[in-house]
Amino acid sequence: MASTLTLVFIALLVLTTLTRLWLGSRQIAHVQEKRAQVPPAFSENISLEAHQKAADYSAAKTKLGLTEVVVQALLLAVFTIGGGLQWLDNIWQNVLQNHEIIRGALVICSAMLISAMIDIPFEYYTIFTVDEKFGFNKMTQSMFFSDLVKHSLVGLALGLPILFAALWLMQGAGSYWWFYLWVVWSIFNIVMLAVYPTFIAPLFNKFTPLTNETLKTRIEALLTKCGFKSQGLFVMDGSARSSHGNAYFTGFGSSKRVVFFDTLLSRLNTDEIEAVLAHELGHFKHHHVIKRIAMMFFVSFLGLALL
């Protein structure tokens, strides 16, 4: 049985990796094929130079992503069929023989630390080489490492309680531990959706109320038309890290808010900004957020049940 499961795992890992590589290669080929000419629908608004810059940027990021796919697959293979997790467990077992929950948490944290140490160079290269080359990067190295530390501390503060709860339930909650853990995990995710905009996002960016009254009136009319009730309209200092522009809505229930990057507001006119937000509101109108939450709950339920 064990060897059968191992073969199934290897087959799925290889199939998933090859599929991701194939899709990425198709994306690069398609972008390069269309690079020479601006699509007719955008030819009056986008220059050939801007179009080619976007194509080259997309191809560069996708190529880097393909390398990352291979590295992640190799790391997963080392952790699993290569015995990496067992090796970590043996190390911590020599240190903490009679503390199974703490040892289990340290094994998982060690694996996550190794994974993060491998991911950091890719993220660094993306920002300070790829984004820098195409003129998008505004982040300094000190800001990069400061964000890294803050992300790590927030991750530990939020993740460790869930991790200990999971291990405790697995050890002492009987055969239905997976269901109890699923309930805890689901509640945690709903709470996070509610508190993220107000308490976590401000740790990394500054959010100020939108002061442009003309734009504010247009946006509020669009929100009313879509039936979207928000906590407010905010501007985020995206320019501190990148020249990319974006708009999004975040939160859950009464904590929902609409956020505009300051880079977006500086480059687009009112009609264009409204169009960008209309795209985001399309996700709300078609209940994509609710569907995504439901899918997340279903997948986690199925995964824990199988586990």
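Colleague: I'd like a rundown of the environment of Gly104, residues and numbers included.
Modeller: Structurally, the position occupied by Gly104 is in helix α4 (residues 100–133). Along the backbone, Gly104 and Asp89 are 15 residues apart, and their C-alpha atoms lie at a distance of 7.5 Å.

Colleague: Could you give an account of the nonpolar core, with specific residues and numbers?
Modeller: Core analysis: the biggest nonpolar cluster contains 23 residues, and Ile219, Leu223, Val258, Phe260, Leu277 and Leu281 have the highest contact counts within it. Elements with a contribution of two residues or more to this core: α7 (213–226), β2 (233–236), β3 (247–250), β4 (257–261) and α9 (270–285). When residues of this core are assigned to their parent elements, the largest contribution, 5 residues, is made by α7. Residues contacting Phe260, with those up to four places away along its chain left out, are Leu210, Ile219, Phe234, Val235, Met236, Asn246, Ala247, Leu265, Ile273 and Leu277.

Colleague: Can you lay out the sheet that holds strand β1 (residues 207–209) for me, pointing to particular residues and giving the numbers?
Modeller: Taken in spatial order, the 4 strands of this open sheet run β1-β2-β4-β3, and their pairing is mixed. Strands with a single pairing partner mark the edges of an open sheet, and in this sheet they are β1 and β3. Here the strands of the sheet are splayed against their neighbours by 35 degrees on average, with no regard to which way each runs. One ladder, built from 4 bridges, connects β2 with β4; its direction is parallel. Note that in β4 the partner of Leu233 across the bridge is Val258. Its contacts with the sheet place α7 against β2 and β4, and it is angled at close to 125 degrees to β2.

Colleague: So what about the pattern of salt bridges? Which residues, and what values?
Modeller: In the structure shown here, the tally under the stated rule is 5 salt bridges. Each of Arg218, Asp271 and Glu274 takes part in one network of salt bridges that share partners.

Colleague: Outline the confidence of the model for the chain, supporting the account with residue identities and numerical values.
Modeller: On average, residues of the chain score 90 in pLDDT, and 99% of them reach the 70 mark or higher. When mean pLDDT is taken per element in the chain, helix α2 (residues 48–79) scores highest with 95 and β3 scores lowest with 82.

Procedures and definitions
- Here the residue index of a chain counts from 1 through its sequence in written order.
- For this predicted model, a pLDDT threshold of at least 70 governs which residues receive local features, and a threshold of 80 or more governs which side-chain atom pairs are given and counted, while totals over whole chains, interfaces and linings are taken from all residues.
- Think of the side-chain values as coming from all heavy atoms in the structure, minus any hydrogens and water.
- Numbering of helices and strands runs from the N terminus; a helix is a DSSP stretch of H or I covering at least four residues, while a strand is a stretch of E covering at least two.
- As used here, the term nonpolar core means buried Ala, Val, Leu, Ile, Met, Phe, Trp, Tyr and Cys residues forming a set that is joined through side-chain atoms within 4.5 Å.
- Residue exposure (1.4 Å probe, protein chains only): buried if accessible area is under 20% of the type maximum, exposed if over 50%, otherwise partly exposed.
- Contacts: residue pairs with any heavy atoms within 4.5 Å of one another.
- What makes two strands pair is DSSP finding at least two bridges between them.
- Here the axes come from fitting lines to C-alpha atoms, over the contacting stretch only for helices, and the angles between their N-to-C directions go from 0 to 180 degrees.
- Take a side-chain nitrogen of Lys or Arg and a carboxyl oxygen of Asp or Glu: if they are within 4 Å of each other, that pair is a salt bridge.
- The score called pLDDT rates the predictor's confidence residue by residue, from a low of 0 to a high of 100.

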